[in-house]
Amino acid sequence: MTQRREFLARLAAAAIAAGLPAHGLADSDRGGTTAGRTGSTPLALPNTGLAGRVVVVGGGMAGASVAKFLRLWGGANVKVTIVERQPRYISNILSNLVLTDTVTMASLQFEYATLKSAYGIEVVQGTALAADPAGGRLTVATATGPRNLDFDRLVVAPGIDFEYPAGLETPAARAAIVHAWQAGPETLTLRSQIRAMPVGGVFVMTVPATPFRCPPGPYERACVVADWLKRNRPGSKVIVLDANPAIAAERTSFERAFSVTHAGIIQYVPNAPVDFVDVGTRTIHTPMGAFRGDAVNVIPTNIGPALLRDLGIANAPRGFAAVNVLDYQSTATDRIHVIGDSSSTTQPKAGHIGNQEGKVCADAILRAFGGGLPDPSPVTNSSCYSPITLSTASWLSAVFAYDPLTKTMQIVPGASGEATRANSEHFKDMQVWFGTLMRDTFA
Amino acid sequence: MKKILVVTLAALGTTGALAQQTQAPPPGRLLASNCFQCHGTDGKGSGTFESLAGKSSSEIYNELREMKAENKRGEIMTIHAVGYTDAQLRAIADYFARQR
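Residues numbered from 1 in each chain as written. Chains lettered and ligands numbered in written order. Predicted model: local features only at pLDDT ≥ 70, side-chain atom pairs only at ≥ 80, totals over all residues.

(A) Inspection of the overall build of chain B at higher detail. Broken down by element type, chain B carries 5 helices and 0 strands. Tracing chain B from N to C terminus, the helices and strands come up as α-α-α-α-α. Out of the 100 residues belonging to chain B, those deemed buried represent 36%. Here the analysis covers contacts within chain B between residues at least 6 apart in sequence; of these, 56% occur between residues at least 24 apart. (Helix = DSSP H or I, 4+ residues; strand = E, 2+ residues; numbered from the N terminus. Buried ≥ 20, exposed ≤ 12 C-beta atoms within 10 Å, placed from the backbone. Contact = placed C-beta atoms within 7 Å.)

Below, the structure written as C-alpha coordinates:
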(Lines give C-alpha, C1' and ligand atoms only; values in the text may rest on other atoms or scores of the structure.)
Protein backbone atom coordinates (compact mmCIF):
# COMPACT_ATOMS: atom_id res chain seq x y z
CA MET A 1 0.00 0.00 0.00
CA THR A 2 2.78 2.39 0.99
CA GLN A 3 4.63 1.32 -2.08
CA ARG A 4 1.59 2.12 -4.18
CA ARG A 5 1.20 5.55 -2.63
CA GLU A 6 4.88 6.31 -3.22
CA PHE A 7 4.46 5.12 -6.77
CA LEU A 8 1.53 7.48 -7.30
CA ALA A 9 3.45 10.39 -5.82
CA ARG A 10 6.48 9.66 -7.95
CA LEU A 11 4.41 9.52 -11.09
CA ALA A 12 2.47 12.65 -10.26
CA ALA A 13 5.76 14.49 -9.80
CA ALA A 14 6.96 13.13 -13.11
CA ALA A 15 3.80 14.34 -14.82
CA ILE A 16 4.21 17.82 -13.41
CA ALA A 17 7.87 17.86 -14.40
CA ALA A 18 6.80 16.87 -17.90
CA GLY A 19 4.76 20.04 -17.98
CA LEU A 20 1.10 19.32 -18.53
CA PRO A 21 -0.64 20.21 -20.69
CA ALA A 22 1.65 18.92 -23.36
CA HIS A 23 3.13 21.44 -25.73
CA GLY A 24 2.02 21.77 -29.30
CA LEU A 25 4.13 22.42 -32.34
CA ALA A 26 6.01 25.64 -32.68
CA ASP A 27 5.09 26.16 -36.29
CA SER A 28 1.70 24.53 -36.28
CA ASP A 29 -1.00 26.48 -37.99
CA ARG A 30 -3.52 23.85 -37.00
CA GLY A 31 -4.80 23.88 -40.52
CA GLY A 32 -5.94 20.76 -42.33
CA THR A 33 -7.26 18.91 -39.37
CA THR A 34 -10.17 16.57 -38.85
CA ALA A 35 -10.42 15.24 -42.33
CA GLY A 36 -13.56 13.17 -42.53
CA ARG A 37 -17.03 13.58 -41.15
CA THR A 38 -18.02 17.10 -41.95
CA GLY A 39 -19.64 18.89 -39.07
CA SER A 40 -20.02 17.29 -35.73
CA THR A 41 -23.66 16.36 -35.45
CA PRO A 42 -23.99 13.65 -32.85
CA LEU A 43 -24.66 10.27 -34.41
CA ALA A 44 -27.92 8.66 -33.36
CA LEU A 45 -26.33 5.70 -31.62
CA PRO A 46 -28.87 2.95 -30.96
CA ASN A 47 -29.40 1.17 -27.69
CA THR A 48 -27.94 -2.23 -28.52
CA GLY A 49 -28.76 -3.71 -25.14
CA LEU A 50 -25.07 -3.60 -24.27
CA ALA A 51 -23.73 -1.42 -21.50
CA GLY A 52 -20.37 -0.85 -19.90
CA ARG A 53 -17.58 1.63 -19.29
CA VAL A 54 -14.29 1.55 -21.15
CA VAL A 55 -11.31 3.80 -20.54
CA VAL A 56 -8.72 3.96 -23.32
CA VAL A 57 -5.22 5.23 -22.54
CA GLY A 58 -3.66 6.70 -25.67
CA GLY A 59 -5.42 8.44 -28.54
CA GLY A 60 -3.23 7.23 -31.39
CA MET A 61 -4.21 4.97 -34.26
CA ALA A 62 -5.13 1.96 -32.10
CA GLY A 63 -6.64 3.92 -29.19
CA ALA A 64 -8.80 6.20 -31.32
CA SER A 65 -10.02 3.21 -33.36
CA VAL A 66 -11.04 1.09 -30.39
CA ALA A 67 -12.89 4.09 -28.92
CA LYS A 68 -14.74 4.89 -32.14
CA PHE A 69 -15.82 1.30 -32.81
CA LEU A 70 -16.85 0.66 -29.21
CA ARG A 71 -19.34 3.51 -29.62
CA LEU A 72 -20.33 2.78 -33.22
CA TRP A 73 -20.90 -0.92 -32.55
CA GLY A 74 -21.72 -0.82 -28.85
CA GLY A 75 -24.23 2.00 -28.98
CA ALA A 76 -25.51 4.58 -26.57
CA ASN A 77 -24.88 2.75 -23.29
CA VAL A 78 -21.25 1.86 -23.83
CA LYS A 79 -19.43 4.81 -22.28
CA VAL A 80 -15.95 5.49 -23.62
CA THR A 81 -13.26 7.84 -22.31
CA ILE A 82 -9.90 8.45 -24.00
CA VAL A 83 -7.00 9.63 -21.85
CA GLU A 84 -4.37 11.35 -23.99
CA ARG A 85 -1.42 13.56 -23.08
CA GLN A 86 -1.41 15.57 -26.29
CA PRO A 87 -4.18 17.91 -27.40
CA ARG A 88 -4.25 16.39 -30.89
CA TYR A 89 -2.80 13.49 -32.81
CA ILE A 90 0.12 13.95 -35.17
CA SER A 91 0.41 11.17 -37.69
CA ASN A 92 3.64 9.25 -37.90
CA ILE A 93 2.46 7.92 -41.23
CA LEU A 94 3.73 10.23 -44.00
CA SER A 95 5.81 12.20 -41.51
CA ASN A 96 9.02 11.36 -43.40
CA LEU A 97 7.60 13.55 -46.17
CA VAL A 98 7.64 16.54 -43.80
CA LEU A 99 11.44 16.27 -43.88
CA THR A 100 11.32 16.96 -47.61
CA ASP A 101 8.51 19.54 -47.56
CA THR A 102 6.37 17.19 -49.64
CA VAL A 103 3.58 17.33 -47.05
CA THR A 104 2.98 19.89 -44.31
CA MET A 105 2.98 19.20 -40.61
CA ALA A 106 -0.52 20.71 -40.46
CA SER A 107 -1.85 18.06 -42.84
CA LEU A 108 -0.73 15.36 -40.37
CA GLN A 109 -2.66 16.77 -37.43
CA PHE A 110 -5.94 15.23 -36.38
CA GLU A 111 -8.27 16.61 -33.77
CA TYR A 112 -10.39 14.62 -31.35
CA ALA A 113 -13.38 16.90 -32.06
CA THR A 114 -15.35 14.40 -34.15
CA LEU A 115 -14.78 11.51 -31.76
CA LYS A 116 -16.13 13.79 -29.03
CA SER A 117 -19.07 15.41 -30.75
CA ALA A 118 -20.24 12.79 -33.25
CA TYR A 119 -19.43 9.65 -31.26
CA GLY A 120 -19.94 11.02 -27.75
CA ILE A 121 -16.50 9.94 -26.55
CA GLU A 122 -15.10 11.81 -23.56
CA VAL A 123 -11.50 12.90 -24.11
CA VAL A 124 -9.47 13.71 -21.01
CA GLN A 125 -6.15 15.44 -21.57
CA GLY A 126 -3.83 13.97 -19.02
CA THR A 127 -1.40 11.24 -18.09
CA ALA A 128 -2.40 7.84 -16.75
CA LEU A 129 -0.74 7.28 -13.39
CA ALA A 130 -1.97 4.00 -11.99
CA ALA A 131 -4.77 1.51 -12.36
CA ASP A 132 -6.59 -0.80 -10.03
CA PRO A 133 -7.95 -3.41 -12.46
CA ALA A 134 -9.89 -5.35 -9.83
CA GLY A 135 -11.53 -2.20 -8.54
CA GLY A 136 -11.96 -0.84 -12.05
CA ARG A 137 -10.36 2.51 -11.49
CA LEU A 138 -7.70 4.50 -13.36
CA THR A 139 -6.00 7.52 -11.82
CA VAL A 140 -5.10 10.27 -14.25
CA ALA A 141 -3.03 13.44 -13.77
CA THR A 142 -4.66 16.40 -15.48
CA ALA A 143 -3.85 20.10 -15.59
CA THR A 144 -6.47 20.64 -12.88
CA GLY A 145 -5.26 17.83 -10.64
CA PRO A 146 -5.68 14.08 -10.33
CA ARG A 147 -8.87 12.45 -11.51
CA ASN A 148 -10.27 8.95 -11.07
CA LEU A 149 -11.96 7.21 -13.99
CA ASP A 150 -14.05 4.09 -13.39
CA PHE A 151 -14.01 1.30 -15.94
CA ASP A 152 -15.26 -2.19 -16.64
CA ARG A 153 -12.44 -2.59 -19.14
CA LEU A 154 -9.21 -0.65 -19.56
CA VAL A 155 -7.60 -0.50 -23.01
CA VAL A 156 -3.97 0.56 -23.06
CA ALA A 157 -2.48 1.93 -26.28
CA PRO A 158 0.44 4.19 -25.37
CA GLY A 159 2.67 3.32 -28.33
CA ILE A 160 6.41 3.06 -27.89
CA ASP A 161 9.25 4.52 -25.90
CA PHE A 162 12.99 4.51 -26.57
CA GLU A 163 16.14 3.04 -25.07
CA TYR A 164 18.79 5.59 -25.96
CA PRO A 165 22.34 4.50 -26.82
CA ALA A 166 25.47 5.66 -25.01
CA GLY A 167 26.14 9.32 -25.70
CA LEU A 168 22.47 10.28 -25.77
CA GLU A 169 21.85 10.24 -22.02
CA THR A 170 21.16 13.91 -21.49
CA PRO A 171 18.29 16.12 -22.68
CA ALA A 172 20.86 18.36 -24.39
CA ALA A 173 22.29 15.43 -26.36
CA ARG A 174 18.78 14.28 -27.28
CA ALA A 175 17.92 17.79 -28.46
CA ALA A 176 21.02 17.88 -30.67
CA ILE A 177 20.55 14.45 -32.23
CA VAL A 178 16.88 13.53 -32.59
CA HIS A 179 15.02 10.36 -33.55
CA ALA A 180 11.96 12.00 -35.15
CA TRP A 181 10.29 8.62 -34.69
CA GLN A 182 7.29 10.18 -32.99
CA ALA A 183 6.07 12.84 -35.35
CA GLY A 184 6.12 16.28 -33.79
CA PRO A 185 8.75 18.84 -32.84
CA GLU A 186 11.59 16.41 -33.54
CA THR A 187 10.37 15.99 -37.11
CA LEU A 188 10.82 19.72 -37.62
CA THR A 189 14.23 19.69 -35.93
CA LEU A 190 15.45 16.96 -38.25
CA ARG A 191 13.99 18.81 -41.23
CA SER A 192 16.01 21.91 -40.27
CA GLN A 193 19.18 19.87 -39.77
CA ILE A 194 18.85 18.31 -43.22
CA ARG A 195 18.26 21.73 -44.76
CA ALA A 196 21.40 23.01 -43.05
CA MET A 197 23.51 20.37 -44.82
CA PRO A 198 26.09 21.63 -47.32
CA VAL A 199 26.32 20.58 -50.95
CA GLY A 200 28.20 17.28 -50.97
CA GLY A 201 27.25 16.65 -47.35
CA VAL A 202 26.63 13.42 -45.46
CA PHE A 203 23.41 12.36 -43.73
CA VAL A 204 23.88 9.45 -41.33
CA MET A 205 20.89 7.60 -39.90
CA THR A 206 20.42 4.46 -37.86
CA VAL A 207 17.86 1.65 -37.95
CA PRO A 208 17.09 -0.06 -34.63
CA ALA A 209 16.97 -3.82 -34.11
CA THR A 210 13.54 -5.35 -34.75
CA PRO A 211 10.83 -5.11 -33.56
CA PHE A 212 10.34 -1.39 -34.10
CA ARG A 213 7.45 0.85 -35.10
CA CYS A 214 6.74 1.02 -38.83
CA PRO A 215 9.14 -1.60 -40.25
CA PRO A 216 9.56 0.06 -43.69
CA GLY A 217 9.84 3.53 -42.12
CA PRO A 218 13.59 3.96 -41.65
CA TYR A 219 14.34 2.72 -45.18
CA GLU A 220 11.62 4.98 -46.53
CA ARG A 221 13.24 7.90 -44.69
CA ALA A 222 16.62 7.11 -46.26
CA CYS A 223 14.98 7.11 -49.70
CA VAL A 224 13.06 10.37 -49.44
CA VAL A 225 15.97 12.21 -47.84
CA ALA A 226 18.24 10.88 -50.60
CA ASP A 227 15.83 12.16 -53.23
CA TRP A 228 15.62 15.57 -51.57
CA LEU A 229 19.41 15.83 -51.29
CA LYS A 230 19.80 14.81 -54.92
CA ARG A 231 17.65 17.77 -55.94
CA ASN A 232 18.76 20.32 -53.35
CA ARG A 233 22.24 19.40 -52.08
CA PRO A 234 23.92 17.72 -55.06
CA GLY A 235 26.75 15.32 -54.34
CA SER A 236 25.44 14.44 -50.87
CA LYS A 237 25.35 10.94 -49.41
CA VAL A 238 23.01 9.03 -47.10
CA ILE A 239 24.57 6.39 -44.86
CA VAL A 240 22.12 3.89 -43.35
CA LEU A 241 23.49 2.06 -40.30
CA ASP A 242 21.21 -0.92 -39.70
CA ALA A 243 21.36 -2.89 -36.44
CA ASN A 244 19.75 -5.76 -38.34
CA PRO A 245 21.56 -8.22 -40.63
CA ALA A 246 19.43 -7.14 -43.61
CA ILE A 247 16.67 -4.73 -44.63
CA ALA A 248 13.86 -5.62 -42.25
CA ALA A 249 10.84 -4.87 -44.44
CA GLU A 250 9.87 -4.62 -48.10
CA ARG A 251 13.28 -5.93 -48.98
CA THR A 252 12.81 -6.18 -52.75
CA SER A 253 11.59 -2.60 -53.04
CA PHE A 254 14.27 -1.10 -50.83
CA GLU A 255 17.13 -3.15 -52.26
CA ARG A 256 16.19 -1.80 -55.68
CA ALA A 257 15.74 1.71 -54.29
CA PHE A 258 19.17 1.66 -52.62
CA SER A 259 21.05 0.05 -55.51
CA VAL A 260 19.24 1.49 -58.54
CA THR A 261 16.94 4.45 -57.82
CA HIS A 262 19.34 6.09 -55.35
CA ALA A 263 22.54 4.41 -56.57
CA GLY A 264 25.67 6.26 -55.52
CA ILE A 265 23.79 8.22 -52.87
CA ILE A 266 22.63 5.66 -50.30
CA GLN A 267 25.26 3.53 -48.62
CA TYR A 268 23.63 0.65 -46.70
CA VAL A 269 25.59 -0.87 -43.81
CA PRO A 270 24.00 -3.95 -42.16
CA ASN A 271 25.03 -5.39 -38.77
CA ALA A 272 25.83 -1.90 -37.51
CA PRO A 273 24.11 -1.36 -34.14
CA VAL A 274 25.00 1.90 -32.42
CA ASP A 275 27.73 1.52 -29.79
CA PHE A 276 28.19 5.18 -29.02
CA VAL A 277 27.07 8.55 -30.33
CA ASP A 278 29.59 11.37 -30.18
CA VAL A 279 27.31 14.38 -30.21
CA GLY A 280 30.14 16.93 -30.45
CA THR A 281 31.52 15.56 -33.70
CA ARG A 282 28.21 14.08 -34.92
CA THR A 283 29.85 10.67 -35.20
CA ILE A 284 28.17 7.31 -34.74
CA HIS A 285 30.38 4.48 -33.60
CA THR A 286 29.38 0.94 -34.60
CA PRO A 287 31.11 -2.45 -34.90
CA MET A 288 31.27 -1.69 -38.66
CA GLY A 289 33.16 1.54 -38.10
CA ALA A 290 32.64 5.18 -37.15
CA PHE A 291 30.52 7.38 -39.36
CA ARG A 292 30.49 11.16 -39.21
CA GLY A 293 27.61 13.17 -40.63
CA ASP A 294 26.70 16.78 -41.32
CA ALA A 295 23.25 15.76 -40.12
CA VAL A 296 22.73 12.71 -37.92
CA ASN A 297 19.52 10.86 -37.07
CA VAL A 298 19.51 8.11 -34.47
CA ILE A 299 16.37 5.98 -34.16
CA PRO A 300 16.95 4.23 -30.84
CA THR A 301 15.80 0.77 -29.82
CA ASN A 302 12.02 0.76 -29.39
CA ILE A 303 10.76 -0.39 -25.98
CA GLY A 304 7.43 -0.57 -24.19
CA PRO A 305 6.40 2.66 -22.43
CA ALA A 306 6.89 2.90 -18.66
CA LEU A 307 3.12 2.76 -18.17
CA LEU A 308 3.18 -0.94 -19.09
CA ARG A 309 5.71 -1.62 -16.32
CA ASP A 310 3.74 0.49 -13.86
CA LEU A 311 0.60 -1.52 -14.64
CA GLY A 312 2.52 -4.79 -14.25
CA ILE A 313 1.82 -5.89 -17.81
CA ALA A 314 5.29 -5.45 -19.39
CA ASN A 315 5.78 -9.22 -19.56
CA ALA A 316 7.16 -9.54 -23.10
CA PRO A 317 10.70 -8.84 -24.37
CA ARG A 318 11.82 -5.16 -24.27
CA GLY A 319 9.03 -4.25 -21.91
CA PHE A 320 6.16 -4.73 -24.34
CA ALA A 321 2.92 -6.43 -23.23
CA ALA A 322 2.02 -10.03 -24.05
CA VAL A 323 -1.64 -10.38 -25.03
CA ASN A 324 -4.24 -12.92 -26.06
CA VAL A 325 -4.82 -11.91 -29.67
CA LEU A 326 -8.47 -13.01 -29.57
CA ASP A 327 -9.35 -10.02 -27.40
CA TYR A 328 -5.97 -8.31 -26.71
CA GLN A 329 -6.33 -8.88 -23.01
CA SER A 330 -3.04 -8.78 -21.15
CA THR A 331 -1.77 -12.25 -20.25
CA ALA A 332 -0.75 -10.78 -16.89
CA THR A 333 -3.96 -9.07 -15.74
CA ASP A 334 -7.65 -9.50 -16.51
CA ARG A 335 -9.70 -6.52 -17.72
CA ILE A 336 -6.67 -4.71 -19.17
CA HIS A 337 -6.33 -4.91 -22.95
CA VAL A 338 -3.25 -3.77 -24.86
CA ILE A 339 -3.42 -2.83 -28.54
CA GLY A 340 -1.19 -1.22 -31.11
CA ASP A 341 2.57 -0.84 -30.87
CA SER A 342 2.66 -1.54 -27.12
CA SER A 343 1.51 -5.12 -27.53
CA SER A 344 3.88 -7.92 -28.37
CA THR A 345 2.37 -10.05 -31.14
CA THR A 346 3.46 -11.59 -34.44
CA GLN A 347 1.94 -8.56 -36.19
CA PRO A 348 3.90 -5.45 -37.18
CA LYS A 349 3.90 -2.31 -35.06
CA ALA A 350 2.12 0.07 -37.43
CA GLY A 351 -0.87 2.36 -37.66
CA HIS A 352 -3.00 0.52 -40.21
CA ILE A 353 -2.93 -2.77 -38.30
CA GLY A 354 -3.18 -0.87 -35.00
CA ASN A 355 -6.52 0.40 -36.27
CA GLN A 356 -7.59 -3.20 -36.97
CA GLU A 357 -6.41 -4.43 -33.56
CA GLY A 358 -8.64 -1.70 -32.13
CA LYS A 359 -11.63 -3.13 -34.01
CA VAL A 360 -10.92 -6.72 -32.89
CA CYS A 361 -10.53 -5.49 -29.31
CA ALA A 362 -13.75 -3.43 -29.48
CA ASP A 363 -15.70 -6.39 -30.85
CA ALA A 364 -14.34 -8.68 -28.11
CA ILE A 365 -15.11 -6.22 -25.31
CA LEU A 366 -18.67 -5.76 -26.59
CA ARG A 367 -19.15 -9.52 -26.77
CA ALA A 368 -17.87 -9.76 -23.20
CA PHE A 369 -20.35 -7.07 -22.11
CA GLY A 370 -23.04 -9.30 -23.59
CA GLY A 371 -21.75 -12.31 -21.66
CA GLY A 372 -20.20 -13.86 -24.76
CA LEU A 373 -16.75 -14.97 -25.89
CA PRO A 374 -14.48 -13.30 -28.45
CA ASP A 375 -14.71 -14.16 -32.13
CA PRO A 376 -12.70 -17.42 -32.29
CA SER A 377 -11.16 -16.68 -35.69
CA PRO A 378 -10.25 -13.01 -36.08
CA VAL A 379 -8.53 -11.71 -39.20
CA THR A 380 -6.38 -8.58 -39.35
CA ASN A 381 -4.49 -6.90 -42.14
CA SER A 382 -1.45 -4.72 -42.45
CA SER A 383 -1.08 -2.43 -45.41
CA CYS A 384 1.17 0.49 -45.97
CA TYR A 385 2.46 2.60 -48.77
CA SER A 386 6.05 3.86 -48.67
CA PRO A 387 7.38 6.73 -50.74
CA ILE A 388 10.57 5.74 -52.57
CA THR A 389 11.09 9.17 -54.13
CA LEU A 390 9.20 12.44 -53.73
CA SER A 391 6.77 11.32 -56.44
CA THR A 392 6.75 7.51 -56.40
CA ALA A 393 5.78 4.93 -53.82
CA SER A 394 5.66 1.19 -53.23
CA TRP A 395 3.40 -0.80 -50.91
CA LEU A 396 3.50 -3.74 -48.56
CA SER A 397 0.50 -5.78 -47.46
CA ALA A 398 -0.36 -8.92 -45.47
CA VAL A 399 -3.45 -10.63 -44.09
CA PHE A 400 -3.19 -12.38 -40.72
CA ALA A 401 -5.55 -15.05 -39.35
CA TYR A 402 -5.74 -16.61 -35.90
CA ASP A 403 -3.89 -19.90 -35.61
CA PRO A 404 -5.47 -21.94 -32.79
CA LEU A 405 -2.42 -24.21 -32.49
CA THR A 406 0.08 -21.47 -31.70
CA LYS A 407 -2.58 -19.02 -30.45
CA THR A 408 -0.96 -16.34 -32.59
CA MET A 409 -1.90 -14.33 -35.67
CA GLN A 410 -0.18 -15.86 -38.70
CA ILE A 411 0.07 -14.62 -42.26
CA VAL A 412 -2.43 -16.51 -44.43
CA PRO A 413 -0.39 -18.53 -46.96
CA GLY A 414 -0.03 -16.50 -50.16
CA ALA A 415 -1.59 -13.41 -48.61
CA SER A 416 1.44 -11.15 -48.31
CA GLY A 417 3.55 -9.22 -50.74
CA GLU A 418 4.90 -5.92 -51.94
CA ALA A 419 4.61 -3.78 -55.04
CA THR A 420 6.59 -5.04 -58.02
CA ARG A 421 7.65 -1.45 -58.83
CA ALA A 422 7.54 1.90 -57.17
CA ASN A 423 5.55 4.30 -59.33
CA SER A 424 3.56 7.52 -59.31
CA GLU A 425 0.25 5.66 -59.32
CA HIS A 426 1.11 4.08 -55.98
CA PHE A 427 2.08 7.55 -54.73
CA LYS A 428 -1.45 8.78 -55.53
CA ASP A 429 -2.93 5.64 -53.95
CA MET A 430 -0.84 6.36 -50.87
CA GLN A 431 -2.64 9.68 -50.44
CA VAL A 432 -6.06 8.04 -50.82
CA TRP A 433 -5.07 5.32 -48.35
CA PHE A 434 -3.82 7.86 -45.82
CA GLY A 435 -6.97 9.99 -46.02
CA THR A 436 -9.32 7.02 -45.71
CA LEU A 437 -7.33 5.37 -42.91
CA MET A 438 -7.33 8.56 -40.88
CA ARG A 439 -11.08 9.08 -41.41
CA ASP A 440 -11.73 5.47 -40.38
CA THR A 441 -9.80 6.22 -37.20
CA PHE A 442 -10.66 9.79 -36.22
CA ALA A 443 -13.90 10.66 -38.04
CA MET B 1 -40.39 -1.27 -37.32
CA LYS B 2 -36.83 -0.26 -36.49
CA LYS B 3 -38.12 2.45 -34.17
CA ILE B 4 -40.35 -0.02 -32.31
CA LEU B 5 -37.42 -2.36 -31.81
CA VAL B 6 -35.24 0.41 -30.41
CA VAL B 7 -38.00 1.53 -28.05
CA THR B 8 -38.57 -2.05 -26.89
CA LEU B 9 -34.86 -2.55 -26.20
CA ALA B 10 -34.69 0.72 -24.34
CA ALA B 11 -37.72 -0.27 -22.26
CA LEU B 12 -36.09 -3.56 -21.31
CA GLY B 13 -33.25 -1.57 -19.85
CA THR B 14 -29.80 -2.81 -19.06
CA THR B 15 -27.78 -2.93 -15.91
CA GLY B 16 -24.07 -2.57 -16.20
CA ALA B 17 -21.66 -4.82 -17.96
CA LEU B 18 -23.44 -8.00 -16.92
CA ALA B 19 -26.47 -7.38 -19.13
CA GLN B 20 -27.17 -10.35 -21.36
CA GLN B 21 -26.43 -9.73 -24.98
CA THR B 22 -29.66 -8.98 -26.77
CA GLN B 23 -28.12 -9.17 -30.20
CA ALA B 24 -25.08 -10.97 -31.58
CA PRO B 25 -22.72 -8.84 -33.65
CA PRO B 26 -23.98 -8.69 -37.24
CA PRO B 27 -22.36 -11.51 -39.22
CA GLY B 28 -19.34 -10.46 -41.24
CA ARG B 29 -18.95 -7.11 -39.48
CA LEU B 30 -15.56 -7.71 -37.89
CA LEU B 31 -14.21 -9.37 -41.05
CA ALA B 32 -15.53 -6.54 -43.24
CA SER B 33 -13.97 -3.96 -40.94
CA ASN B 34 -10.61 -4.99 -42.45
CA CYS B 35 -11.75 -3.18 -45.60
CA PHE B 36 -12.73 0.07 -43.86
CA GLN B 37 -9.18 1.50 -43.76
CA CYS B 38 -9.19 1.86 -47.55
CA HIS B 39 -12.88 1.70 -48.51
CA GLY B 40 -14.30 3.85 -45.72
CA THR B 41 -16.07 2.95 -42.47
CA ASP B 42 -18.89 0.55 -43.51
CA GLY B 43 -17.70 1.00 -47.12
CA LYS B 44 -19.05 4.55 -47.21
CA GLY B 45 -17.57 7.97 -47.82
CA SER B 46 -16.03 9.98 -50.58
CA GLY B 47 -12.38 10.13 -51.53
CA THR B 48 -11.91 6.43 -50.74
CA PHE B 49 -10.94 3.57 -52.98
CA GLU B 50 -14.02 1.95 -54.58
CA SER B 51 -17.07 2.52 -52.40
CA LEU B 52 -18.66 -0.75 -51.33
CA ALA B 53 -21.76 0.16 -49.34
CA GLY B 54 -24.98 -0.97 -50.95
CA LYS B 55 -23.39 -2.83 -53.84
CA SER B 56 -24.91 -6.20 -54.54
CA SER B 57 -23.42 -9.02 -52.56
CA SER B 58 -22.85 -11.14 -55.64
CA GLU B 59 -20.99 -8.33 -57.40
CA ILE B 60 -18.57 -7.86 -54.48
CA TYR B 61 -18.18 -11.59 -53.93
CA ASN B 62 -17.59 -12.41 -57.58
CA GLU B 63 -15.04 -9.64 -57.93
CA LEU B 64 -13.11 -10.88 -54.89
CA ARG B 65 -13.32 -14.51 -56.05
CA GLU B 66 -11.98 -13.50 -59.45
CA MET B 67 -9.03 -11.62 -57.93
CA LYS B 68 -8.30 -14.62 -55.74
CA ALA B 69 -8.44 -17.04 -58.69
CA GLU B 70 -6.28 -14.88 -60.97
CA ASN B 71 -3.74 -14.42 -58.16
CA LYS B 72 -1.90 -11.63 -60.00
CA ARG B 73 1.44 -10.70 -58.51
CA GLY B 74 1.89 -7.07 -57.56
CA GLU B 75 -1.82 -6.37 -57.07
CA ILE B 76 -2.61 -5.23 -53.55
CA MET B 77 -6.20 -6.47 -53.73
CA THR B 78 -5.04 -9.95 -54.72
CA ILE B 79 -3.34 -10.23 -51.35
CA HIS B 80 -6.55 -9.28 -49.58
CA ALA B 81 -8.73 -11.62 -51.65
CA VAL B 82 -6.32 -14.52 -51.04
CA GLY B 83 -6.37 -13.76 -47.31
CA TYR B 84 -9.94 -14.95 -46.80
CA THR B 85 -11.82 -18.22 -47.30
CA ASP B 86 -14.69 -18.16 -49.76
CA ALA B 87 -17.13 -18.28 -46.85
CA GLN B 88 -15.43 -15.25 -45.31
CA LEU B 89 -15.52 -13.38 -48.63
CA ARG B 90 -19.24 -14.16 -48.83
CA ALA B 91 -19.80 -12.81 -45.31
CA ILE B 92 -17.87 -9.63 -46.18
CA ALA B 93 -19.84 -9.14 -49.41
CA ASP B 94 -23.14 -9.68 -47.60
CA TYR B 95 -22.17 -7.15 -44.93
CA PHE B 96 -21.41 -4.37 -47.43
CA ALA B 97 -24.54 -5.17 -49.42
CA ARG B 98 -26.59 -4.49 -46.26
CA GLN B 99 -25.02 -1.03 -45.69
CA ARG B 100 -27.09 1.87 -47.00
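Okay, back to it.
(B) Spotlight on the overall build of chain A. Regarding its fold elements, chain A presents 10 helices and 24 strands. Taken over the C-alpha trace, chain A has a radius of gyration of 22 Å; the compact-globule value for 443 residues is 22 Å, and the two agree within 12%. With the principal axes as the frame, chain A shows a C-alpha extent of 65 × 50 × 45 Å. A burial count over chain A gives 54% of its 443 residues as buried. By sequence separation, contacts in chain A at least 24 residues apart represent 70% of the contacts at least 6 residues apart. (Rg over C-alpha atoms; globule rule 2.2 N^0.38 Å.)

(C) Main features of the interface of chain A and chain B. Between chain A and chain B, the contact holds 44 residues from the first and 33 residues from the second. Looking at the side of chain A that touches chain B, the elements that each hand over two or more residues are helix 9 (351-369), strand 22 (379-387), strand 23 (393-403), strand 24 (408-418) and helix 10 (424-442) of chain A. The element that contributes the greatest number of residues to the side of chain A that touches chain B is helix 9 of chain A, accounting for 8 residues. The residue inventory of the side of chain A that touches chain B, partitioned by class, reads 16 nonpolar, 21 polar and 7 charged. (Nonpolar A, V, L, I, M, F, W, Y, C, P; charged D, E, K, R; others polar.)

(D) Spatial organisation of the pairing of strand 23 of chain A. All names here are of chain A. The element strand 23 is largely enclosed, with a buried count of 8 among its 11 residues. Here strand 22 pairs with strand 23 via 9 bridges, running antiparallel. Bridge pairing in strand 23 places Ser382 opposite Ala398. Connecting the antiparallel pair strand 22 and strand 23 is a turn made up of 5 residues. With 7 bridges connecting them, strand 23 and strand 24 associate as antiparallel partners. Along strand 24, the bridge assignment pairs Leu396 with Glu418. Taking the residues between adjacent antiparallel strands as the criterion, strand 23 and strand 24 are bridged by 4 residues, where Lys407 takes a positive phi near 55 degrees. (Pairing = 2+ DSSP bridges.)

(E) Broad picture of the nonpolar core. Judged by nonpolar contacts, the single largest core of 155 residues is most densely connected at Val56(A), Val66(A), Leu70(A), Val225(A) and Ile92(B). If you tally residues by element for this core, the top one is helix 9 of chain A, at 9 residues. Both domain 1 (2-160 + 304-376) and domain 2 (163-302) of chain A contribute no fewer than three residues apiece to this core. Beyond its immediate stretch of four places on either side in the chain, Ile92(B) contacts Gly28(B), Leu31(B), Ala32(B), Cys35(B) and Tyr84(B). (Core = buried A, V, L, I, M, F, W, Y, C linked by C-beta atoms within 7 Å. Domains from an automatic or database assignment.)

(F) Structural context of the confidence of the model for chain A. Mean pLDDT over chain A: 92, with 91% of residues reaching 70 or higher. Between residues 1-36 of chain A, whose pLDDT stays under 50, and residues either more than four places distant or in other chains, the model counts 59 contacts. (pLDDT = per-residue confidence, 0-100.)

(G) The arrangement of the sheet that holds strand 13 (residues 276-278) of chain A in detail. Residues and elements named next belong to chain A. The strand order across the open sheet formed by 3 strands is 13-14-15, and the pairing between neighbours is antiparallel. In the strand order of this sheet, the two ends are held by strand 13 and strand 15 (289-292), each with one partner. Going from strand to strand, the sheet's axes swing by 20 degrees on average, the running direction of each strand aside. Bridge analysis of strand 14 (residues 283-286) against strand 15 gives 4 bridges, and the strand direction is antiparallel. Bridge pairing links Thr286 to Gly289 in strand 15. (Axes fitted to C-alpha atoms, helices over the stretch in contact; angles between N-to-C directions.)

(H) A look at the packing of helix 3 (residues 57-70) of chain B against helix 5 (residues 86-98) of chain B. Residues and elements named next belong to chain B. Contact geometry for helix 3 and helix 5: axes closest at 8 Å, N-to-C directions at 145 degrees. The handedness of the crossing between helix 3 and helix 5 comes out as right-handed. Contacts between helix 3 and helix 5 involve Ser57, Ile60, Tyr61, Leu64 and Arg65 from the first element and Asp86, Leu89, Arg90, Ala93, Asp94, Phe96 and Ala97 from the second. Its residues placed into classes, the contact of helix 3 with helix 5 shows 7 nonpolar, 1 polar and 4 charged. (Left-handed = near helix turned anticlockwise from the far one by under 90°.)

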